[in-house]
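Chain by chain, the residues:
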Amino acid sequence: MSAGLSEAYMKMFPQEAQKKVSAGKKNLMLDIPEYNKAWNLYRDTSLDIMKRHEYMAQCIGFTDKDTEAIRESKELIAPHLEAILDHIYWEKLVNDPWLSRWFRDETGKIAKDYVTVRRARQRRFLLKILECKWDEEFWNYVRWVGAVHVPIFGFEELYIPMRLNFALWGYIHHYLFNLLAEVLKDDPEKLRRMTIAWTKMFWLIIDVYHIDYSAAWA
Ligand code: HEM
């Protein structure tokens, strides 16, 4: 730039002539050790699914006792599994005007074969939970199942609104609790242990399930 031009430029943008100082605000996340720990937790739990699980589990208070309670509940739930699935799919889903939208053919009729396929996939999901193996493979599976409900990586056509997941999770949750309350009406202590364990597990799953719904904000 010639001297003349440079002078004209500096007149137009006087701030350019001043000594530059950092305009950045102090970043407390980097400067204060306590906040720095929080930042590291945010970063680690976003990058590593097992760290996310460990952090969430300790916040929620999910322990080996809860795993034990869920494992114990398997023998109570297993005999009712088919009835639970039939109920969710053939009574709840296909009869709800919004939930059933994805289960209809192009004429608007319920696509029975497709419902049967979806029911089988849901069955596999519930059985995986009942295995009680909270390892990386399990959490990646939960994340993937959630991710198939949003338009990413091969599922570009599909978008299930988040509120419908909450609606269905909430429904399955209370349906299961009713079942346990029925089977365990003479053993309130066992009922308490199992419902507490399942409540914690539902929250843990719902968190991971929705990671890809809004990745950066989850
Ligand atoms: C409790 C929450 C839900 C669970 C646990 C769940 C479970 C699953 C599973 C396991 C899969 C399949 C993955 C595989 O191919 O193995 C799947 C896919 C699918 N889900 Fe869900 N789902 C939930 C909520 C919903 C809701 C609310 C709807 C819509 C009303 C829905 C509609 C679908 C559809 C349309 C697909 C399939 C895509 C395809 O045809 O491949 N899901 N879901």
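Here the structure is shown first, and the text comes after it.
Residues numbered from 1 in each chain as written. Predicted model: local features only at pLDDT ≥ 70, side-chain atom pairs only at ≥ 80, totals over all residues.

Participant: What is the right way to look at the packing of helix α8 (residues 136-147) against helix α10 (residues 188-209) in this model?
Facilitator: Helix-helix packing: each pair is described by the crossing angle between the helix axes and the interaxial distance. Interaxial distance between α8 and α10 falls to 7 Å at its minimum, and their mutual angle equals 60°. Taken together, the axis directions place α8 and α10 in an arrangement best described as oblique. Listed contacts from α10 to W139, V142, R143, V145 and G146 of α8 are I205, V208 and Y209. Partitioning the contact of α8 with α10 into residue classes produces six nonpolar, one polar and one charged. (Axes fitted to C-alpha atoms, helices over the stretch in contact; angles between N-to-C directions. Helix = DSSP H or I, 4+ residues; strand = E, 2+ residues; numbered from the N terminus. Parallel < 35°, antiparallel > 145°, perpendicular 65-115°, else oblique. Contact = placed C-beta atoms within 7 Å. Nonpolar A, V, L, I, M, F, W, Y, C, P; charged D, E, K, R; others polar.)

Participant: I keep staring at the site of the ligand and nothing clicks. Help me out?
Facilitator: Of all residues adjacent to the ligand, which total 15 residues, the nearest are W102, R121, F125, L164 and L168. Taken together, the elements giving at least two residues each to the shell around the ligand come down to α7 (112-130) and α9 (162-183). Of all the elements, α9 adds the most residues to the shell around the ligand, at five residues. (Near = placed C-beta within 6 Å.)

Participant: What is the right way to read α10 from this model?
Facilitator: Given 3.6 residues per turn, any residue in an α-helix points the same way as the ones three and four places further on. The end-to-end C-alpha separation of α10 is 31 Å, in line with the 32 Å expected for 22 residues at 1.5 Å each. Along α10, the residues classified as buried are M194, A197, W198, M201, L204, V208 and Y209. Buried residues of α10, viewed axially, fall in a sector of 130°; they line one side. Opposite the buried face of α10, at more than 90 degrees from it, the exposed residues are P188, E189 and R192. (Expected span 1.5 Å × (residues − 1). Buried ≥ 20, exposed ≤ 12 C-beta atoms within 10 Å, placed from the backbone. Arc of directions from axis to C-beta.)

Participant: Can you walk me through the environment of L158 in this structure?
Facilitator: For L158, the position within the fold is in the loop between α8 and α9. Distance in space between the C-alpha atoms of L158 and V148 is 7.6 Å, their sequence separation being ten residues. Not counting the four nearest positions on each side in its chain, L158 is found in contact with H149 and P151.

Participant: What am I meant to see in the nonpolar core here?
Facilitator: Most often, soluble globular proteins keep nonpolar side chains buried together rather than apart. Within the largest apolar cluster, eleven residues are counted, these being F62, A69, I70, V142, M194, A197, W198, M201, L204, V208 and Y209. Secondary-structure elements contributing two or more residues to this core are α5 (64-77) and α10. In terms of residue count, the dominant contributor to this core is α10 (seven residues). In contact with V142, not counting residues within four places along its chain, are I205, V208 and Y209. (Core = buried A, V, L, I, M, F, W, Y, C linked by C-beta atoms within 7 Å.)

Participant: Any chance you could explain the environment of M29 here in plain terms?
Facilitator: As for its position among the elements, M29 is in helix α2 (residues 28-31). For the pair M29 and W39, spaced ten residues apart in sequence, the C-alpha separation works out to 6.1 Å. Those residues in contact with M29 that sit more than four places away from it in its chain are Y35, N36 and W39.

Participant: Quick question: what am I supposed to make of the packing of helix α6 (residues 81-93) against α7 here?
Facilitator: Look at α6 against α7: their axes get within 10 Å of each other, and the N-to-C directions meet at 135°. Compared by their axis directions, α6 and α7 come out oblique. As α6 packs across α7, the resulting crossing turns out to be right-handed. From α6, L81, L85 and Y89 reach across to α7, where they touch V115, R118, R119, Q122, R123 and L126. (Left-handed = near helix turned anticlockwise from the far one by under 90°.)

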